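Structural characterization, general
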Amino acid sequence: MPPLLLPLRSSPSPCLPLRRFLLFRCSASSSTTASSSLSPYVASFASRMALAGIRPHHRIAVGVSGGPDSMALCVLATAWKKAAGKKAAAEEGSVSSAFVNGLLGIVVDHGLRSESSDEARLVRDRVRNMGVECEIARCDWPDGRPKQGHVQEVAREVRYQKLLDICIKQQIGILLIAHHSDDQTELFVLRLSRNSGVLGLAGTALVSQLFAPNIKYDGEKFQRYGVLLVRPMLDFSKDDMYKICQVSNQSWVEDPTNNSMMYARNRIRASLRNLSTEGTFLSGVHKLISACRLTRTHVDGTWSVVANQSVSISEYGYAVIDLEKLDPLNVQDLCLSQYLAYILQFVSQRQRPLRGRSARLLLDYIRTIPCKAALTVAGCYLCAAPRSKGTKVLICCSVDWMESASAEISYKCSYEEQPPPVPEIDQIVLEGLLQSNHFVQNHSNIPFMYCKSSIDVLNKAKDLNIIDDFTLEKLCYLRTDEHNKFIAKQDKDGEHDLEETKFCDCSLRPGETCHFMSRFLITWKVPEDVNEICLQENEEYLICTVNLDVSLEVRHMIDADWLFLAEVCNICSVEDNQIDPKVSSGKMQMDNAPQHHRFLQQSAQKALQILKCIPADARRTLPVLTNAQGDIVCIPNIGFRCCPGLSIQSVFYPRVPFHGGYSSYL
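Calculation criteria
- Residues numbered from 1 in each chain as written.
- Predicted model: local features only at pLDDT ≥ 70, side-chain atom pairs only at ≥ 80, totals over all residues.
- Heavy atoms only, no water.
- Pairing = 2+ DSSP bridges.
- Helix = DSSP H or I, 4+ residues; strand = E, 2+ residues; numbered from the N terminus.
- Axes fitted to C-alpha atoms, helices over the stretch in contact; angles between N-to-C directions.
- Parallel < 35°, antiparallel > 145°, perpendicular 65-115°, else oblique.
- Contact = heavy atoms within 4.5 Å.
- Nonpolar A, V, L, I, M, F, W, Y, C, P; charged D, E, K, R; others polar.
- Buried < 20%, exposed > 50% of the residue type's maximum accessible area, 1.4 Å probe, protein only.
- Polar contact = N/O pair within 3.5 Å; in protein donor to acceptor, adjacent residues only side chain to side chain.

**Details of the sheet that holds strand β12 (residues 319–322)**
- In spatial order, the strands read β11-β12-β15-β14-β13; together these five strands make up an open sheet with antiparallel pairing. Either end of the sheet is taken by a strand with one partner, and the two such strands are β11 (311–313) and β13 (375–377). Averaged over all pairs of adjacent strands, the angle between strand axes in this sheet comes to 20 degrees, irrespective of strand direction.
- Pairing of β13 with strand β14 (residues 380–384) involves three bridges; the strand directions are antiparallel. Residue pairing in the sheet places L375 in a bridge with L382 of β14.

Structure below.
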């Protein structure tokens, strides 16, 4: 994790060791010269923002680390906003403020070094001097510092979470990140070494939608919150970043740890730097990445259309694929793989790509018509849908996955009120989808559609004259070299003992809401009149033990649960036994509260009727609430509850919606 920047000083500060940094001061230039030199960059930045559907009036945040990339991004975003602001002010006759309207810089203090707080404040002040309001987000490490070797990955995850939190609180829907073309090239080689296919080689999206890990309360209800991550610098090189900082008189820092050969990206960066002067190598790689992005755009558009025609989503959390409408034998491998991956990610809420053997198994399975077998893959269970004669495939959560992952994705929801989600995101996404579909329609020749591996992509690119022999040779060398280092590291990491899986103690109390498996939103409502709840044993509801002090455990349904419902339907009261002593002794015997008997019977009967409409494999994913003794108190999705005063509701509300959120690779 790169440390944040330090200010340029004539003498070192005793509390900020300069040996950690390489500091650069830009020579001053006239404002006229700087403005004219910056104009082409601002124009290119504006075109990228327009392509992403972002307008100057939108509220925008910028992630700032203090290096040349994020400082250059701040410069261009400020110039772009100011230009629009001046025009609006001239038309309205308003007075401009000290800070650029609708633009916020965010500095993340990871807190992993003693001097990080001082550095973060200095970065904040530097950004404010540019006319941009800036906040600091401080990271907490309640479970201790990240383990050695995983610091970068963990710090990145926490950093994005902090950026997202501030955007939500400030009601900002757009977050700018300073990824540039050199980053894309490094990522291309990195994924090449991991044998990614063309979809992975397409690199980072211009726009992608990032959802908060927890749903949040807007004062009336719980909702998904998220931002659009926009990367408007993907057309700019690292050299462009330096030039932007120089012409705008902005200082920056270089982190010497970026030269450490411990990290794969640094090794790749050094190799690419040596090749950058070799003929058309870099330009060829950039063309290849663009071709991969065109392919990805086509695939995303195609699978989305096919999904709308052939997939139905149940309110009980499972999906059904109509194989006749899908016609999988006539859908290209790439499109079908992406189609299946997104459905499985949605059903399981397991946001991981589908790779290798799992992807091949899934393709073979879905193309076997009629469907007769079952398959467990990527956290999901697939089988033929009941009464479909194999023409439809049911996809539901795997019980094994639910049990192993519950600690990670089941949680109590906070009632801390947040501003409502930014509504303009939906409009931006809608316009982006229309633009993407139009873009693909204008390109009839989509490359790499039949490439099954990274080597296939490289060879096809050579056949299409996208890259030359020299570029092909060097890319193959880089791929092999970094792949061998990756395998060696995996072997070394595998020597360590695996951590024990932590299981979630998912419980619910009156007045609380929980998100079970990030799929079902369960709320225990407390009536205004507490007397409506059965608080203790009484004449009407003898066995009801639910009270305001109890905590109910939440688990997934098991086979014994619907057998229990069937037994409840056959309960026999003492009163019935007295009238007819020959009543079957096999029936469940209950207490002498006839009204309670009738309520339980009616509740169980209605629940069973609903349950019969839900495929048996999908039933196992439904939430069940039990008391401390393990007795079933409520199965909210099918309406069963042990007493009429108990108000627990559950709705299928996955954290990430179908289609996995918006992304654009234009």
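Still more ground to cover, so stick around.
**Structural notes on the packing of helix α11 (residues 333–348) against helix α12 (residues 356–366)**
- The N-to-C vectors of α11 and α12 enclose an angle of 100 degrees; their axes lie 10 Å apart at closest approach. The orientation of α11 with respect to α12, classified from their angle, is roughly perpendicular. Residues D333, L336, S337, L340 and L344 of α11 form the contact with α12, whose own contacting residues are L362, L363 and I366.
- Across the contact of α11 with α12, the residue classes break down as six nonpolar, one polar and one charged.

**Remarks on the sheet that holds strand β22 (residues 632–635)**
- An order of β17-β20-β21-β22-β23 is seen for the five strands of this open sheet, with the pairing classed as antiparallel. A strand with exactly one partner marks an edge of an open sheet, and here the two such strands are β17 (507–508) and β23 (640–641).
- When strand β20 (residues 552–556) meets strand β21 (residues 623–626), the two strands line up antiparallel, connected through four bridges. Across the sheet, the residue bridging to V554 is L625, located in β21.
- Contacts from helix α17 (residues 559–569) reach β20, β21, β22 and β23 within the one sheet, and its direction differs from that of β22 by about 100 degrees.

**Remarks on the side chain of D69**
- You can see D69 is positioned in helix α2 (residues 68–92).
- On the basis of relative accessible area, D69 is assigned to the buried category, the value being 16%.
- Of the polar contacts made by the side chain of D69, one reaches the side chain of K238; its length is 2.9 Å.
- Residues contacting D69, with those up to four places away along its chain left out, are A178, H180, K238 and M241.

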